[in-house]
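Chain by chain, the residues run as shown.
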Amino acid sequence: MSVIELQDVSKLYGFGDAANVALDEVSLSIEQGEFVAVMGPSGSGKSTLMNIIGLLDRPSHGSYNLNGRKVARLRPNQAAKYRRDTIGFIFQSFNLLPRLMALENVALPLAYKGVGLTRRTRLASDMLARVGLQHREYYYPWQLSGGQRQCVAIARALVNDPALIIADEPTGNLDSAGSRLVMELLSELHKSGHTILFVTHNPELTRYASRVVYMHDGTIIHDEKTKIGEVAQAVRRAMYNVSRTTVEDDLAGVSALMNAVPSHDNASTALASKPRKKTSKRRGKK
Amino acid sequence: MRSLTRGNVKTAIASVRSAKWRSLLTMMGIIIGIVSVVTVVSIGEGVKRQVVSQMNHLGKDLITVRPGQLVNRDEKGTITGVNLFSGYTTTGALSDKDVSSIQKTKGVKLAVPLSIVTGGIDVDGKTYNNASIIGTTPQLPEALKQKIAYGDFFNDSDENQNGAIIGKSVATGIFDDDIPLGRSFEFHGEEFIVRGVFEPFKNATLSLDTDFNNAIFIPYPVAQELTENKAAIYEVLAQPNDPDQANTVAAAIKDNVKSNHGNQEDFTVLKQGESLSVTSNILNLLTRLIGGIAAISLLVGGIGIMNVMLVSVTERMHEIGIRKAIGATSRQIRNQFLIEATVLSVAGGVIGVIISLVINVMLRIFTDIEPVISWQVVALAAGVSLVVGIIFGTAPALKAARKDPIEALRHE
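Values in this document were obtained by computation on a predicted structure and should not be read as measured data. (Residues numbered from 1 in each chain as written. Chains lettered and ligands numbered in written order. Predicted model: local features only at pLDDT ≥ 70, side-chain atom pairs only at ≥ 80, totals over all residues. Heavy atoms only, no water.)

**Some thoughts on the overall build of chain B**
Stated formally: A run of H or I in DSSP counts as a helix once it spans at least four residues, and a run of E counts as a strand once it spans at least two, with each numbered from the N terminus. Any two residues whose heavy atoms approach within 4.5 Å are treated as being in contact. Surface accessibility follows the Shrake-Rupley procedure with a 1.4 Å probe radius. Residue values consider only the protein chains on display as shielding.
The helix and strand inventory of chain B stands at 13 helices and 14 strands. In chain B, once contacts between residues fewer than 6 apart in sequence are set aside, the share between residues at least 24 apart is 78%. For chain B, the exposed surface amounts to about 19,400 Å²; the carbon and sulfur share of it is 57%.

Laid out in structure tokens, this is it:
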């Protein structure tokens, strides 16, 4: 059964001549248990897509079925309840509440659901144990390392047993050890049957994914299923073909990877003309 | 839902404590308002109790006649208003003739004039101006139901001698002696001997009556002699034979004195109960006046809270974004900020009540006023600060609740 079913979803900002198309008739369907990596340069519409899928935003046009229910036209309060019960968010900057302990942070979605204090403390505690932080329950976020903070955030995302987990560059603010910790954890969740959608600029991380989606200028330009443990085809091609981004590209926020995206003729010719160099360490800038 | 509220209260207290100075300054308006309301009301309450206990002591049947028209009455004789200022300036005086007609009124057991003699007294070469010198007749202790602690009062036979009976404060204040019997002082060039000391009067502070503890009583004829009959009678006390007939007797006194004054009512006949109502009328007026000022202070305090909460909402926009993203509804966000504003103002109210208690103790130690803080006043203070918090917390809370989650998340 499809968890997510997007049909011709568009998002426009502004009016008339100044209108800005952030998403251009995107159709996407994600099945139960998929682990999807979304890639694309800044401004390609990834965040807008995540916001719409995460019910933080409403599409201008098109239909969106989440778990078989039409959710494209929800009112803000209904959307809040859907977010609470069916979606878990993981952010690049963790977004834990600094004045609450790890345990309280994890228990917060349950509090908004109206679960009693004793029960939600127990559930939150179980969830922290599941992400390997049972000894850090009474730590405040500033007392934890980056990787641990992200694990707390993952526990928070999981605590309501959501149908879908959305992670927006979950490793963007982490060092390699932290990234590894977080990605292994997400991978485990995937194995236990969770549906996960994550945005990344790091092509290495597509090894964990079962499907990779590329976006450019508000549309999905490439969508491929990959074997777990392997870098996606398109990405691999990019990794071995692309030289490096110029300073101008970096300043413009365009990563080398995105120049390498296939099926755009100018992109592929650009790739061919440049000397080979590994870019695996390079991460896209926002 | 209740557990969420508890969490909100905890968050609110943490956020209030994390910015101690700002919170304290924010609460200042509420604190000042609550302190003034509680203190004023408790002083009023304390004075009222003193008046009541004085009235119980004197008995409800005591009738006082004073010059000037102090009160307005309707046809039934109920007091409708008090002439705070004109009452004392309206000309009209009581004379010896009035005293004797009051005495002769049917049903009057005794009538005692009280006249003020101006001037200071000399004791051992020093002059004191702070005691009131009152000329009166031997029946005064009976009319006031007041005992003499030491010595005795003058009687009909020695009414023309220069003897004086003093109040407690005069004994300790001027003579520096608990029992200054036999001591002498000079007044208007004549020497007076202290022959008695009253037991302390239960006087009500702020009431209309002269403080008898700070008075020196000399015989009425002597007072008239000293001033060549110019000492003004400021009050005549009358006691009816039958306490139940007090109303009838008061009416008869009024008619008699009125006929002496050419049918003009430039004097006031008050029963003891009415005397109380005059006092409480004045107190109520004062309480309302200061209450109004306090209300303005509460308003200003509320606006302060609103201002700080608006700043707080902007500062914590990112937090609002996180909370909304993980599933908080607008209503839950609104409640969180509403509770925070309420915690701020109720904390101000609690601090205000504590300061009022301290002021209360101070007043009892350093003044004669005995303020009474009743639980009603404390409940009022708590209620008012709660309401102020809710009213002035609503706008910021709605601002927070209506924020778009994406925009709020982008806010750092």
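**A closer look at the sheet that holds strand β1 (residues 2-13) of chain A**
Within a beta sheet, neighbouring strands are joined by backbone hydrogen bonds and run either parallel or antiparallel to one another. Residue and element names in this part refer to chain A. Selection criterion: Should DSSP find at least two bridges between two strands, the strands are taken to pair.
Across the sheet, 4 strands lie side by side as β2-β1-β4-β5; this open sheet has antiparallel pairing. Taken across any chain shown, the strands that pair with only one partner, and hence form the sheet edges, are β2 (20-31) and β5 (69-70). In terms of strand pairing, strand β4 (residues 61-66) meets β5 through 2 bridges, oriented antiparallel. Along β5, the bridge assignment pairs Leu66 with Arg69.

**Things to note about the interface of chain A and chain B**
Our working definition: As a working definition, buried area equals the accessible area (1.4 Å probe) given up by two parts on being put together, with both sides summed. One side-chain nitrogen of Lys or Arg within 4 Å of one carboxyl oxygen of Asp or Glu is enough to make a salt bridge.
Listed as interface residues are 26 residues of chain A and, on the opposing side, 27 residues of chain B. Across the chain A to chain B interface the summed buried area is about 2,200 Å²; carbon plus sulfur atoms make up 58%. For the pair chain A and chain B, the number of links is 1 salt bridge. A salt bridge links Glu104 of chain A to Lys10 of chain B; the nearest nitrogen and oxygen atoms lie 2.3 Å apart. Counting residues per element, the ones that place at least two in the side of chain A that touches chain B are α2 (76-86), α3 (102-113) and α4 (117-130) of chain A.

**Remarks on the confidence of the model for chain A**
Our working rule: Per residue, pLDDT captures the predictor's confidence, and it can take any value from 0 to 100.
Averaged over every residue, the pLDDT of chain A is 83; residues scoring 70 or more account for 82%. Below a pLDDT of 50 lies the segment residues 263-286 of chain A, which in the model reaches 45 contacts outside its immediate sequence neighbourhood of four places, other chains included.

**Comments concerning the sheet that holds strand β3 (residues 35-39) of chain A**
Residues and elements named next belong to chain A. Rules: Here the axes come from fitting lines to C-alpha atoms, over the contacting stretch only for helices, and the angles between their N-to-C directions go from 0 to 180 degrees.
Pairing within the open sheet is mixed, and its 6 strands lie in the order β6-β7-β8-β3-β9-β10. Only two strands of the sheet have a single neighbouring strand rather than two, namely β6 (87-90) and β10 (219-225). Here the strands of the sheet are splayed against their neighbours by 15° on average, with no regard to which way each runs. Of the pairings in the sheet, the one linking β3 to strand β9 (residues 211-216) comprises 4 bridges and is parallel in character. Residue pairing for β9: Val36 is matched across the bridge by Arg211.

**Some words on unusual backbone geometry**
Residues and elements named next belong to chain A. Its identity as a non-glycine residue notwithstanding, Asp8 has a phi of 50°, on the positive side. Positive phi, close to 50°, is recorded for Asp161, a residue that is not glycine. Within the secondary structure layout, Asp161 lies in the loop between α5 (146-158) and β7 (164-168).

**A short note on the pairing of strand β14 (residues 267-271) of chain B**
Residues and elements named next belong to chain B. We count it as follows: Only protein chains enter the accessibility calculation, which uses a 1.4 Å probe; a residue whose area is less than 20% of its type maximum is buried, one above 50% is exposed, and one in between is partly exposed.
A large share of β14 lies buried, amounting to 4 of its 5 residues. Relative to β14, strand β1 (residues 63-67) runs antiparallel, the two being bridged by 5 bridges. Looking at β14, one finds that Ile63 is bridged to Lys271.

**With respect to the pairing of strand β9 (residues 163-166) of chain B**
Residues and elements named next belong to chain B. Covered by surrounding structure in β9 are Gly163 and Ile165 together with Ala164 and Ile166, the residues of both alternating faces. In terms of strand pairing, β9 meets strand β11 (residues 190-198) through 4 bridges, oriented parallel. Pairing of Gly163 across the sheet is with Ile193, part of β11. Sheet topology places β9 next to strand β12 (residues 215-219); 2 bridges connect them, and they run antiparallel.

**Observations regarding the confidence of the model for chain B**
Residues and elements named next belong to chain B. Per-residue pLDDT for chain B has a mean of 82; in total, 90% of the residues score no lower than 70. Predicted confidence in chain B is weakest over helix α3 (residues 86-89), with a mean pLDDT of 50, and strongest over helix α10 (residues 317-325), with 93. Here the prediction assigns the complex a pTM of 0.69, and the interface score ipTM is 0.82.

**Notes on the environment of His318 of chain B**
Keep this limit in mind: Whenever two N or O atoms come within 3.5 Å, that pair is a polar contact, provided that in protein one can donate a hydrogen and the other can accept it, and provided that, for residues adjacent in sequence, both atoms are side-chain atoms.
Within the secondary structure, His318 of chain B is located in helix α10. In sequence terms His318 of chain B and His411 of chain B are 93 residues apart; their C-alpha atoms lie 5.3 Å from each other. Leaving out residues up to four positions away in the same chain, His318 of chain B has contacts with Asn95 of chain A together with Ala408, Leu409, His411 and Glu412 of chain B. Within the structure, the side chain of His318 of chain B is placed 2.7 Å from the side chain of Asn95 of chain A, a separation counted as a polar contact.

**Let's talk about the packing of aromatic side chains**
The description of two aromatic rings rests on the distance between their centres and on the angle between their planes. Note the threshold: The pairing test for Phe, Tyr and Trp rings, Trp by its six-membered ring, is centres within 6.5 Å, and the orientation test on the planes gives stacked under 30 degrees, edge-to-face over 60, and tilted for anything in between. Sitting over a ring, as applied to charges here, requires NZ of Lys or CZ of Arg to be within 6 Å of the ring centre and within 35 degrees of the ring normal.
What the rule picks out here adds up to 9 aromatic pairs over all chains. Chaining the aromatic ring pairs together yields one cluster made of Phe153, Phe154, Phe198, Phe212 and Phe217 of chain B. Note that Arg136 of chain A overlies the ring of Tyr139 of chain A, its terminal NZ or CZ placed 4.8 Å from the centroid.

**Regarding the layout of surface pockets**
Think of a ball as big as a water molecule: rolled over the atoms, this probe shows where empty space is left. Basically, it comes down to this: Only protein atoms enter the calculation, which uses a 1 Å grid: trapped sets of points that fit a 1.4 Å probe without letting it out are cavities, open sets showing protein on both sides within 12 Å along at least five of seven lines are pockets, and any residue with an atom within 4 Å of a point is a lining residue. Grid points are joined across faces, edges and corners, and a volume is the space filled by probe spheres set on the points. For this classification, Asp, Glu, Lys and Arg are treated as charged, while Ala, Val, Leu, Ile, Met, Phe, Trp, Tyr, Cys and Pro are nonpolar and the rest, including Gly, are polar.
Each pocket or cavity is described by its volume, and for the largest pocket that value is around 680 Å³. If you trace the largest pocket, you find 25 residues lining it, with Asn51 and Asp168 of chain A together with Ile406, Leu409 and Arg410 of chain B closest to the centre. Looking at the lining of the largest pocket residue by residue, the classes come out as 9 nonpolar, 7 polar and 9 charged. Along its surface, the second largest pocket is lined by 20 residues, and Leu100, Glu104 and Arg120 of chain A together with Gly7 and Lys10 of chain B are the ones closest to its centre. Put simply, the parts of the chain that give the lining of the second largest pocket at least two residues each are α3 and α4 of chain A together with α1 (2-18) of chain B. Considered class by class, the residues forming the lining of the second largest pocket number 9 nonpolar, 5 polar and 6 charged.

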